[in-house]
Amino acid sequence: MKMSVPVGRAPSWWLLGPGLVWMGLLFVVPLCLMFVISFAGRGTYGGMVWSFSLTNYLDLFHPLYARILGQSILLAAGTTLLCLIMGFPLAYYIARAAPNRQGIWLLLVMIPFWTNFLVRTYAWMFILRTEGLLNTVLLKLGVVSSPIELLYSNTAVLIGLVYGYLPFMVLPLYVALERVDRTLVEAAWDLYATRWTVFRRIILPLAKPGVVAGCLLVFIPSLGAFLTPDLLGGARSMMIGNLIQHEFLVARDWPLGAAISCLLMLFVAGMMRWSLRAAKPLVQPEPES
Amino acid sequence: MKQSGGWLWRASVANLFFLYGPIAALILFSFNASRLSATWQGWSLEWYRALWANEALQAAAVNSLWVATVSTVLALLLGVGLAIGLEGLSGRRQRQIEQALLLPLVIPEVMMGVSLLLFFVLVQMPLSLTTVIMGHALFNVPIVLVIVRARLRKLDPRLLEVAADLGASSWDTLRYVTLPLLRPAILGAGLMAFTISLDDFIVTFFTAGPGATTLPLKVYSMIKSGLSPEINALSALFVVVSMGLIGLSLLLQRR
């Protein structure tokens, strides 16, 4: 049971106050400003004109923007699926390993996540570019006769995103799988269930909160990715994050950039609401004792 | 599940190879003597020497350290305050506020970057290292909060009750009981925040003004102007420093 210190005794608001004001000022206020500005108009010479209109949102239906939005969703979904396929066996293996080994495996999964994202993305540029490591090796081995073009493509973006967010999938999957009662699986074996049946009827349903949480944790940052498509993607691999950056820093159409951001935010919030319910057993473990 | 043990093990090792291979290759080739290709041409420390001599990089490193230090101190002051303060609230209210405070960890970083940019421009605050520090202290507060809260949950609440029973004021309890008990977690959280600040690119990218170049911004502009072995060397240093700091932080959190 969660014990909390009696309210009267704990110094509370003077400890909470500064932090709450800080987060309110730099997190809540800016997001609200973004929402307000998404309805503003754009001046002839850039800058903003304070008027209310839905033009920015209607502009998003333009094929150019719609294509980027659609492509971002596809890439993020592809990343999520690949992470799930790759991460599930790993998470399952860790969950079934001897308890003293689990910690080491988890640490091994986490370490790359703690290294600089920019550096990790650069590593793939180094590997995938025309004169890169992969082409050098393939040419030496005689697998290909001329270098293959891998960098600056959707494939490269997909690889980079999977690479960046795989740990986000493995950890919640592990937490869910570790809780799966082993005796259930053994009972199924005893009842002559096939391997596939055990997976589909027992492991998968029990792991569902972990699957949902993992998918959410991978999908959201993939959808809002900026650095990966910026460095690994070509001109045709732009994602929402790049579009937002473009509108804010290059095209200087802030109201439109704000509208795209709000759309992204809405999407993220919707996904979170939907999946928090499904992942609840994982987020809020049953009270101890 | 012994039958599939071999298969699972191979899949897991393949995953680790996927995670570590690129970083390992990057570090290995930072010692490559060749400038132009990914062909191995012998060991060399040339690129590290080139980094050392690069004055723009030194300036960026100084900026990075300054930003990381100040933003970490700020995030610790605010985050530890929040973590302890939350203890005083009751169940439902506490959970709501805590979840709201963790939101910056969930939303895409680009959103945080552009909304801060918008905010600073609208309140007419010129972009500089100060705005970068503010941005970093924003995303580091939830990090500190998570780590310190995890520790607080493990503390024996009776310790605080004993202190109160012995006539300690709430300030004394905080000063002589809670904070000393939290010290490893606070140090761990500080190291974590420091590392994340050193590594951050996106929020920095949107909130840094001209002249406020940090190391990741410098790496980015180097990458954009063409790949070179110096970037490999700098990346290798980044990897080693981040891993060292994070390792230390995890060690402290475990105590």
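Look above for the structure.
An account of the accompanying structure is given in this report.

### Concerning the overall build of chain B
Then, number 1: Along its length, chain B carries 11 helices and zero strands.
Then, number 2: N-terminal to C-terminal, the α/β element order of chain B is α-α-α-α-α-α-α-α-α-α-α.
Then, number 3: Its C-alpha atoms put chain B at 70 × 65 × 30 Å along the principal axes.
Then, number 4: Evaluated residue by residue, chain B yields a buried proportion of 56% over its 255 residues.
Then, number 5: Taking all contacts inside chain B whose residues are at least 6 apart in sequence as the whole, residues at least 24 apart take part in 72%.
Then, number 6: Split by element, the accessible area of chain B, about 11,500 Å² in all, is 66% carbon and sulfur.

### Re the nonpolar core
Then, number 1: Core analysis: the biggest nonpolar cluster contains 164 residues, and A:Met34, A:Leu177, A:Phe248, B:Val148 and B:Phe201 have the highest contact counts within it.
Then, number 2: Considering each element in turn, this core owes the most residues, 14 residues, to helix H6 (residues 129–154) of chain B.
Then, number 3: Not counting residues up to four positions away in its chain, the partners in contact with B:Val148 are B:Val80, B:Ala83, B:Leu182, B:Ile186 and B:Ala189.
Then, number 4: The next biggest cluster of nonpolar side chains, apart from the first, holds six residues, and it includes B:Ala68, B:Phe194, B:Leu198 and B:Leu245.

### Focus: the packing of aromatic side chains
Then, number 1: With the rule as written, the count across this model stands at 26 aromatic pairs over all chains.
Then, number 2: A ring pair is formed by A:Phe39 and A:Tyr57, whose centres lie 5.4 Å apart and whose planes are at 40 degrees; its orientation type is tilted. With A:Phe39 in the loop between helix H1 (13–37) and strand E1 (41–42) and A:Tyr57 in helix H2 (residues 55–59), this pair connects stretches of sequence that are 18 residues apart.
Then, number 3: When its relative accessible area of 18% is taken as the criterion, A:Tyr57 is described as buried.
Then, number 4: Ring pairing ties together the aromatic residues A:Phe126, B:Phe29, B:Phe31, B:Trp40, B:Trp43 and B:Tyr48, which thus form one cluster.
Then, number 5: Over the ring of B:Tyr176 we find B:Arg175; its NZ or CZ atom is 4.9 Å from the centre of that ring.

### Here's the deal with the packing of helix H4 (residues 91–106) of chain B against H6(B)
Residue and element names in this part refer to chain B.
Then, number 1: As a packed pair, H4 and H6 sit with axes 7 Å apart at the nearest point and diverge in direction by 135 degrees. Taken together, the axes of H4 and H6 are oblique relative to one another. Every pair of crossing elements has a handedness; the one defined by H4 and H6 is left-handed. Every residue of H6 that contacts H4 at Gln-94, Glu-98, Leu-101, Leu-102, Pro-104 and Leu-105 is listed here: Phe-139, Pro-142, Ile-143, Leu-145, Val-146, Arg-149 and Arg-153.
Then, number 2: Taken together, the residues that form the contact of H4 with H6 break down as nine nonpolar, one polar and three charged.

### Quick look at unusual backbone geometry
Residues and elements named next belong to chain A.
Then, number 1: In this model, Tyr-152 sits at a positive phi of 60 degrees, which is unusual for a non-glycine residue.
Then, number 2: Tracing the backbone shows Tyr-152 in the loop between helix H6 (133–141) and helix H7 (154–178).
Then, number 3: Non-glycine residue Arg-252 carries a positive phi angle of around 60 degrees.
Then, number 4: Within the secondary structure layout, Arg-252 lies in the loop between helix H11 (240–250) and helix H12 (254–278).
Then, number 5: Look at Arg-252 and you get partly exposed, because its relative accessible area is 45%.

### Concerning the interface of chain B and chain A
Size of an interface, as often reported, equals the accessible area lost when the parts are brought together.
Then, number 1: Opposite the 91 residues of chain B that make contact, chain A presents 83 residues.
Then, number 2: Both sides together, the interface formed by chain B and chain A hides about 8,100 Å², and carbon and sulfur atoms give 80% of it.
Then, number 3: Put simply, chain B and chain A have one salt bridge between them.
Then, number 4: When the shortest N-O distance is used, the salt bridge between B:Lys224 and A:Asp230 registers 3.4 Å.
Then, number 5: At the junction of chain B with chain A, the criterion picks out eight residue pairs in polar contact (both at pLDDT 80 or more).

### Topic: a nonpolar patch on the surface
Then, number 1: A cluster of nonpolar residues, A:Phe52, A:Leu54, A:Leu58 and A:Phe61, forms a patch on the protein surface that exposes about 530 Å² of accessible area.
Then, number 2: Secondary-structure assignment places A:Leu54 in the loop between strand E2 (48–49) and H2.

### Let's talk about the packing of helix H8 (residues 170–199) of chain B against helix H11 (residues 229–254) of chain B
Residue and element names in this part refer to chain B.
Then, number 1: Put simply, H8 and H11 touch, their axes get as near as 7 Å, and they point 160 degrees apart. By the angle class used here, H8 and H11 are roughly antiparallel. Crossing of H8 over H11 shows left-handed handedness. Facing H8, whose interface residues are Pro-184, Leu-187, Gly-188, Leu-191, Met-192, Phe-194, Thr-195, Leu-198 and Asp-199, H11 presents Phe-238, Val-241, Ser-242, Leu-245, Ile-246, Leu-248, Ser-249, Leu-250, Leu-252 and Gln-253.
Then, number 2: Of the residues belonging to the contact of H8 with H11, the class tally is 13 nonpolar, five polar and one charged.

The rules we used
Residues numbered from 1 in each chain as written. Chains lettered and ligands numbered in written order. Predicted model: local features only at pLDDT ≥ 70, side-chain atom pairs only at ≥ 80, totals over all residues. Heavy atoms only, no water. Helix = DSSP H or I, 4+ residues; strand = E, 2+ residues; numbered from the N terminus. Buried < 20%, exposed > 50% of the residue type's maximum accessible area, 1.4 Å probe, protein only. Contact = heavy atoms within 4.5 Å. Areas by Shrake-Rupley, 256 points an atom, 1.4 Å probe, with all protein chains shown as cover. Core = buried A, V, L, I, M, F, W, Y, C linked by side-chain atoms within 4.5 Å. Phe/Tyr/Trp six-rings, centres within 6.5 Å; stacked < 30°, edge-to-face > 60°. Lys NZ or Arg CZ within 6 Å of the ring centre and 35° of its normal. Axes fitted to C-alpha atoms, helices over the stretch in contact; angles between N-to-C directions. Parallel < 35°, antiparallel > 145°, perpendicular 65-115°, else oblique. Left-handed = near helix turned anticlockwise from the far one by under 90°. Nonpolar A, V, L, I, M, F, W, Y, C, P; charged D, E, K, R; others polar. Buried area = accessible area lost by both parts, 1.4 Å probe. Salt bridge = Lys/Arg side-chain N within 4 Å of Asp/Glu carboxyl O. Polar contact = N/O pair within 3.5 Å; in protein donor to acceptor, adjacent residues only side chain to side chain. Patch = residues over 30% accessible without salt bridge, like charges linked within 9 Å, V, L, I, M, F, W, Y side chains within 5 Å.

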